[in-house]
Amino acid sequence: MENRKVRLGIIGLGNMGSGHAKNIVSGKTPEIELAAAADIAPEKLESAKDYLPESVKLFPTAEEMLDSGLIDAAIVAVPHYDHPKYVIACIEKGIHVMCEKPAGVYTKQVREMNAVAAAHPDVVFGMMFNQRTNHIYRKMRELVKSGKYGQIRRTNWLITTWFRSQAYYDSGAWRASWRGEGGGVLLNQCPHQLDLWQWICGLPVRVDSHLSYGKWHNIEVEDDVTTYVEYANGATGVFVTSTGDVCGTNRFEIQLDGAKIVASEDKLRLWEYGMSTPEFEKVNREAWNAPKVTEVSVETDGENPQHVGVLNAFAANILRGEPLVARGEEGINGLTLSNAMHLSSWLGRPVEIPFDEDLYWKELSARIGNSVKKN
């Protein structure tokens, strides 16, 4: 496929799907041509005519678009529960696919999606984890994974910049419901942070989560979360998020044996220790002594291409085999964290990772059955 554009179709023309469409037709993805789009809502297809050229063929169903022969690849940008359904449909037809976040609502369905993808290795499958393109988080990962500063001792992420009003939740019947979204702040606002947390620090082995359901809003799903985790090496972590804080905070801190890294307010700071903590403890004999701490400047490439960067890498992978920003099968990792948080809250106790996926689905199904809102 070298020297030609990827013919792309979009499944779902809501906020994300229409945003991708506008980026493509505005020329921000030079190796992608928007060939088609599909949505089951007639009003969305009609409004798409205002921002899409006539050359883009519009379809009332995804299935018709996938069978049209007009596309080489597709973006899945539909409600959460249907992400695996349409990803699988694309893969089985040999159509490369990019899935919007989250990968799905529960890991059991995503594991089945990943199995289908593994059986079709010639089909490119990517996840829209656009925050992985952010130079700050890429540099954090590089610093942690380098091993220069030893092992992780503690991680803390306070991410409460998600304030949402009751009017926001009332704007759609599918919003903030077990039946429509499958969760609240963890499934809607935080999939990127959960992905980054595990991408940089790895998955924990134990999760103890305290969730409040409808604490700040008249909704049935979680809008306030405090989670404590434990890692295999004995390190611990805390993740706090909410849609109820008007003036929220986004601060991600990693404490390592030989350094502290903090990402906050679009800045990255690094403090290096003159001696790693374990080495210091072996030789120190003074009661009030501590390793010397020096803040050092951190250089990054400054790039943060977000959704466009993910799509350009997707095209480059299809055309030339260049790396994706995030492989599709990685979507299960952040979802594992959110599922574990929900399950811990529902059971009222810590849960181990891996957890019982059948039990999770049983608990979620009960909540879907009692869901007040419909999708």
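The structure reproduced in this document is the subject of the present report.

Quick look at the side chain of D72
Part 1: Structurally, D72 is set in the loop between α3 (62-66) and β4 (73-76).
Part 2: Among the polar contacts listed, one links the side chain of D72 to the side chain of R4, at a separation of 3.4 Å.

Brief notes about the sheet that holds β4
Part 1: Pairing is parallel in the open sheet, where six strands are placed in the order β3-β2-β1-β4-β5-β6. Two strands close off the open sheet at either side, each with one partner strand: β3 (57-59) and β6 (125-127). Strand-to-strand, the axes of this sheet are offset by a mean angle of 25°, without reference to chain direction.
Part 2: Pairing between β4 and strand β5 (residues 96-99): four bridges, direction parallel.

Comments concerning the sheet that holds strand β14 (residues 293-296)
Part 1: The nine strands are arranged β14-β13-β12-β11-β7-β10-β9-β8-β15 in an open sheet whose pairing can be described as mixed. Of all the strands in the sheet, just β14 and β15 (351-352) have a single pairing partner and so form its edges.
Part 2: Taken together, the six bridges between strand β12 (residues 259-264) and strand β13 (residues 267-273) define a ladder with antiparallel strand orientation. Residue pairing for β13: I261 is matched across the bridge by L270.
Part 3: Across the sheet, helix α12 (residues 331-347) lies against β8 (206-213), β9 (222-230), β10 (236-242) and β15, angled at about 70° from β8, the strand it touches most.

What counts and how
Residues numbered from 1 in each chain as written. Predicted model: local features only at pLDDT ≥ 70, side-chain atom pairs only at ≥ 80, totals over all residues. Heavy atoms only, no water. Helix = DSSP H or I, 4+ residues; strand = E, 2+ residues; numbered from the N terminus. Polar contact = N/O pair within 3.5 Å; in protein donor to acceptor, adjacent residues only side chain to side chain. Pairing = 2+ DSSP bridges. Axes fitted to C-alpha atoms, helices over the stretch in contact; angles between N-to-C directions. Contact = heavy atoms within 4.5 Å.

By themselves, these figures tell us nothing about what the structure is for.
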